[in-house]
Amino acid sequence: MQGLRVVALGLAVLFGCNSVEVKRPKRSGETIRYRLKLRDNAVSPAEASRCFSACQAANSPQKYVECLTQCPGFESTPGEYCSNTEVPPVAACLTVRKIPVTKEPPTGLVVLAVVGQMALVVGASSLCSISNSNCGLYPPPR
C-alpha cells in the first residue's frame, strides 16, 4: 500500500509540473517568408526544381528573387520565417525583414526592394547559401 501511495504522489507531481504552457516562437509582422518548395511542391516538383536551377544564373540577388517568384508554387507569407530544414533540395527559402529606409543598409544585408519607407532586406549569408548569384564576387559594403 505504501508503494502505491508513492507512485500516486509521483504521478501527481509529474502531471502538476508538466502543466506549463508551451511557448511558440513569436511571429513578427516585420518578416516575410519567400519560399519555393522543391521536393513537396503542390504544383509540380519537377517544374519547381527546373525553375530553381534556372534562377541560379541570375546576375544579382534582386534578379534571383524575382526569378524565384515566377516559379510554380512560389509563396510569400507575411509574419513567417524559414525553418532550418527549408534548404535545397527540400526548399529554397528566404526570410525577408522590413527595416526603415536609411542611408545605407546594415552590413551583411541585401536590399531586395523599397516599399514606401520600408526596405525589404535579406541576409547575404542566407541568400548565398541557396544561390550562386554573384555571391562572394563583390566585397561587402563599408
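Going by the structure above, here's the rest.
Residues numbered from 1 in each chain as written. Predicted model: local features only at pLDDT ≥ 70, side-chain atom pairs only at ≥ 80, totals over all residues. Heavy atoms only, no water.

**Some remarks on the overall build of the protein chain**
Short version of the rule: Only DSSP runs of H or I with at least four residues qualify as helices, and only runs of E with at least two residues qualify as strands; both kinds are numbered from the N terminus onward. For each residue, the accessible area found with a 1.4 Å probe, counting protein chains only, is set against the maximum for its type, and the residue is called buried under 20%, exposed over 50%, and partly exposed in between. In this description, contact between two residues means that some pair of their heavy atoms is separated by no more than 4.5 Å. Residue-level accessible areas treat just the shown protein chains as cover; the underlying method is Shrake-Rupley with a 1.4 Å probe.
Per the secondary structure count, the protein chain includes 4 helices and 5 strands. Beginning at the N terminus, the succession of helices and strands in the protein chain can be written as α-β-α-α-β-β-β-β-α. Counting all 142 residues of the protein chain, 29% fall into the buried class. Expressed as a percentage of contacts within the protein chain between residues at least 6 apart in sequence, the contacts between residues at least 24 apart total 63%. Carbon together with sulfur atoms contributes 60% to the accessible area of the protein chain, which is approximately 9,500 Å² in total.

**Structural notes on the environment of Thr77**
Note on placement: Thr77 falls in strand β2 (residues 74-78). With 45 residues separating them along the chain, Thr77 and Ile32 place their C-alpha atoms 5.4 Å apart. Not counting the four nearest positions on each side in its chain, Thr77 is found in contact with Thr31, Ile32 and Arg33.

**Some thoughts on unusual backbone geometry**
Geometrically, the link from Pro88 to Pro89 is a cis peptide bond, its omega value of 10° lying close to zero. With respect to the helices and strands, the residue Pro89 is situated in the loop between β2 and β3 (91-100).

**Points about the sheet that holds β3**
Our working definition: Only strands joined by at least two bridges in the DSSP assignment are considered to pair. Fitted lines through C-alpha atoms give the axes, limited to the stretch in contact for helices. The angle between two N-to-C directions lies from 0 to 180 degrees.
Read from one edge of the open sheet, 5 strands run β2-β1-β3-β5-β4, paired in antiparallel fashion. Both outer strands of the open sheet, β2 and β4 (109-115), are each paired with one neighbouring strand and no more. With direction set aside, neighbouring strand axes in the sheet form an average angle of 25°. Across 7 bridges, strand β1 (residues 31-37) lies against β3 in antiparallel orientation. Bridge pairing links Tyr34 to Leu94 in β3.

**Observations regarding the state of the cysteines**
For clarity, the cut-off: Two cysteine sulfurs form a disulfide in these notes if their separation is within 2.5 Å.
Tallied over the full model, the rule gives 3 disulfides. The disulfide bridge from Cys51 ends at Cys71, spanning 2.0 Å between sulfur atoms. Across the disulfide from Cys51 to Cys71, rotation about the S-S bond amounts to roughly -80°, and the bridge is consequently left-handed. One end of the pair, Cys51, is in helix α2 (residues 45-55); the other, Cys71, is in the loop between α3 (61-69) and β2, and 20 residues separate them in sequence. Taking relative accessible area as the criterion, Cys71 reaches 4% and is therefore assigned buried.

**A closer look at the packing of α2 against α3**
Put simply, the rule reads: Each angle receives one of four descriptions, namely roughly parallel if under 35 degrees, roughly antiparallel if over 145, roughly perpendicular if within 65 to 115, and oblique otherwise. A clockwise turn of the near helix away from the far one marks a right-handed crossing, whereas an anticlockwise turn of less than a right angle marks a left-handed crossing.
Two elements in contact, α2 and α3, have axes whose closest approach is 9 Å; the angle formed by their N-to-C orientations is 165°. Taken together, the axes of α2 and α3 are roughly antiparallel relative to one another. When you trace α2 past α3, the crossing you get is right-handed. Between α2 and α3, the residues in contact are Cys51, Phe52 and Cys55 and Tyr64, Cys67 and Leu68, respectively.

**A look at the pairing of strand β5 (residues 118-123)**
Two strands pair when backbone bridges link them, and β3 and β5 are joined in this way by 4 bridges, in the antiparallel orientation. Considered in β5, the bridge of Arg97 is made with Val121. Bridge count between β4 and β5: 6 bridges; the pairing is antiparallel. Among the inter-strand pairings, Leu109 is bridged to a residue of β5, identified as Gly123. Here β4 folds back onto β5 in antiparallel fashion, the turn holding 2 residues, of which Gly116 has a positive phi close to 60°.

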